[in-house]
Amino acid sequence: QVQLVESGGGLVQAGGSLRLSCVASGRTPSSGVMGWFRQAPGKEREFVAAITWSGYNTVYTDSVKGRFTISRDNAKNTVYLQMSSLKPEDTAVYYCAARNRGYSLSRNSGDYNYWGQGTQVTVSS
């Protein structure tokens, strides 16, 4: 099994920044693709960003392009989501996820096999 633990969430004013971290432990997923998703109250979980094992390839949902950056440090088994220029509409619980099979940067939550417990991000206006 793979365990994922997120941290770094909190309350921030609009325009501010936060960095989320996701530490993986246990068995290493075969794929290595990691993603961030978020879920706002009353809404479905949505894709935010994903990264390959090498870190060379990334993909973002349009609403966060230019503001969020996903990265990873494999030596620390950690994936990061640097969030800048935060907006109230970024308020959500943010989840880290890992794929066990498949190497594409999927935006589909169903392609991810392991999930963290989530960390709350609240952006005040």
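For the structure, check the block above.
What counts as what
- Residues numbered from 1 in each chain as written.
- Predicted model: local features only at pLDDT ≥ 70, side-chain atom pairs only at ≥ 80, totals over all residues.
- Heavy atoms only, no water.
- Disulfide = S-S within 2.5 Å.
- Helix = DSSP H or I, 4+ residues; strand = E, 2+ residues; numbered from the N terminus.
- Pairing = 2+ DSSP bridges.
- Axes fitted to C-alpha atoms, helices over the stretch in contact; angles between N-to-C directions.
- Phe/Tyr/Trp six-rings, centres within 6.5 Å; stacked < 30°, edge-to-face > 60°.
- Lys NZ or Arg CZ within 6 Å of the ring centre and 35° of its normal.
- Buried < 20%, exposed > 50% of the residue type's maximum accessible area, 1.4 Å probe, protein only.

Trainee: Break down the state of the cysteines for me, citing the residues and quoting the values.
Mentor: The term disulfide refers to a covalent linkage connecting the sulfur atoms of a pair of cysteines. Evaluation of the coordinates by the stated rule reveals 1 disulfide. Paired through a disulfide, C22 and C96 show a sulfur-sulfur distance of 2.1 Å. Here the S-S torsion is close to -75°, and the disulfide linking C22 with C96 is therefore left-handed. Of this pair, C22 sits in strand 3 (residues 18-26) while C96 sits in strand 9 (residues 92-98); the two residues are 74 residues apart in sequence, bridging distant segments of the chain.

Trainee: Hey, could you go over the sheet that holds strand 1 (residues 2-7) for me, with residue numbers and the actual values?
Mentor: Across a sheet, paired strands are connected by hydrogen bonds in the backbone, their directions being either parallel or antiparallel. Taken together, 4 strands build an open sheet; the order of strands is 1-3-8-7 and the sheet is antiparallel. Two strands bound the open sheet, and with one partner strand each, they are strand 1 and strand 7 (68-73). Neighbour-to-neighbour, the strand axes of the sheet open up by a mean angle of 15°, direction not taken into account. The pairing of strand 1 with strand 3 spans 6 bridges and is classified as antiparallel. By the bridge assignment for strand 3, E6 is matched with C22.

Trainee: Any details on the packing of aromatic side chains? Residues and values, ideally.
Mentor: Summed over the entire model, instances satisfying the criterion amount to 4 aromatic pairs. Members of the aromatic cluster, each reached through a chain of ring pairs, are F37, F47, Y112 and W115. The lysine or arginine in question, R45, covers the ring of Y95, its NZ or CZ lying 3.9 Å from the ring centre. The side chain of R45 reaches across the aromatic face of W115, ending 4.7 Å from its centre.

Trainee: Summarise the pairing of strand 5 (residues 46-51); cite the residues concerned and give the values.
Mentor: Of all 6 residues that make up strand 5, 5 are buried, and the element is covered over most of its length. Alignment of strand 4 (residues 34-39) against strand 5, held across 5 bridges, turns out to be antiparallel. Each bridged residue has a counterpart across the sheet, and for M34 the counterpart in strand 5 is I51. Counting the residues in the hairpin turn of strand 4 and strand 5 gives 6 residues, including G42, whose phi is positive at 75°. Relative to strand 6 (residues 58-60), strand 5 runs antiparallel, the two being bridged by 3 bridges. Paired with A49 across the two strands is Y60, which belongs to strand 6.

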